[in-house]
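Architecture and fold: a report
Single-letter residue listing:
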Amino acid sequence: MSKVKDADKVLINYVGTLDDGTIIDSTYPHSEDECHDDECGHDHGPYEVVIGAGDFYVPIEEALIGMQIGDKKKVTISPEDGFGDYDAELVFTIERSELPEEIVPELGMELEVTGDDDDVYFVTIIGVTDTEVKLDSNHPLAGEELTYEFELMEIL
């Protein structure tokens, strides 16, 4: 039976979770209490990975090497290999009047903002007062350790 090697294209099924068991990503069909397509960002069904391309988490690509179809593994992804460490410097406050009139800021609301460099950033509202809005531009999973359980479905 063939084993996965560098540069192979493979199909895997996986489920990604946080330390508390919250499902953050999955290729498996879901039940009501699990990840939904709009939350996970993936359609269900096997995910294609090219080993060594860096298109998926590097620790998972590395763990796939030597696996055979049907093999399963569990890998923990550090913040450095995932979404980076949480950076308090990426939290800032703006005057509420700087928001467009049609936006009524609420905790947890995600917004697109354009920086001084004209790049677009995604921010999450983490605080609201009558005069100010506190924004966090860290990725929502920054600083989190992620656990992925995956199964090799096919070597293409």
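Quick look at the structure, then. Please read these numbers as outputs of a predicted model, since none were measured by experiment. (Residues numbered from 1 in each chain as written. Predicted model: local features only at pLDDT ≥ 70, side-chain atom pairs only at ≥ 80, totals over all residues. Heavy atoms only, no water.)

**Re the sheet that holds strand S6 (residues 110-114)**
In space, the 4 strands of this open sheet follow the order S5-S8-S7-S6, with antiparallel pairing throughout. Of all the strands in the sheet, the pair left with one neighbour each is strand S5 (91-95) and S6. Pairwise comparison of adjacent strand axes, ignoring direction, gives a mean angle of 45 degrees for this sheet. Note: strand S7 (residues 120-128) against strand S8 (residues 132-136), 4 bridges, orientation antiparallel. (Pairing = 2+ DSSP bridges. Helix = DSSP H or I, 4+ residues; strand = E, 2+ residues; numbered from the N terminus. Axes fitted to C-alpha atoms, helices over the stretch in contact; angles between N-to-C directions.)

**Here's the deal with the environment of Leu 135**
The topology assignment puts Leu 135 in strand S8. A residue is classified by how much of its surface remains accessible, and Leu 135, at 1% relative accessible area, is buried. Between the C-alpha atom of Leu 135 and that of Leu 107, which follows or precedes it by 28 residues, the distance is 9.6 Å. Those residues in contact with Leu 135, other than ones at most four positions away along the chain, are Leu 90, Val 91, Phe 92, Ile 94, Val 123, Thr 124, Ile 125 and Ile 126. (Buried < 20%, exposed > 50% of the residue type's maximum accessible area, 1.4 Å probe, protein only. Contact = heavy atoms within 4.5 Å.)

**Some details on the pattern of salt bridges**
Applying the stated criterion to the full structure yields 2 salt bridges. In this structure, Asp 8 and Lys 5 form a salt bridge, with 3.2 Å as the shortest nitrogen-oxygen distance. Taking relative accessible area as the criterion, Lys 5 reaches 52% and is therefore assigned exposed. In this structure, the salt-bridge partner of Lys 9 is Glu 48, at a minimum N-O distance of 3.9 Å. Of this pair, Lys 9 sits in strand S1 (residues 9-17) while Glu 48 sits in strand S3 (residues 47-50), placing them 39 residues apart in sequence. Residue Lys 9 is classed as partly exposed on the basis of its relative accessible area, which comes to 37%. For Glu 48, a relative accessible area of 43% corresponds to the partly exposed category. (Salt bridge = Lys/Arg side-chain N within 4 Å of Asp/Glu carboxyl O.)

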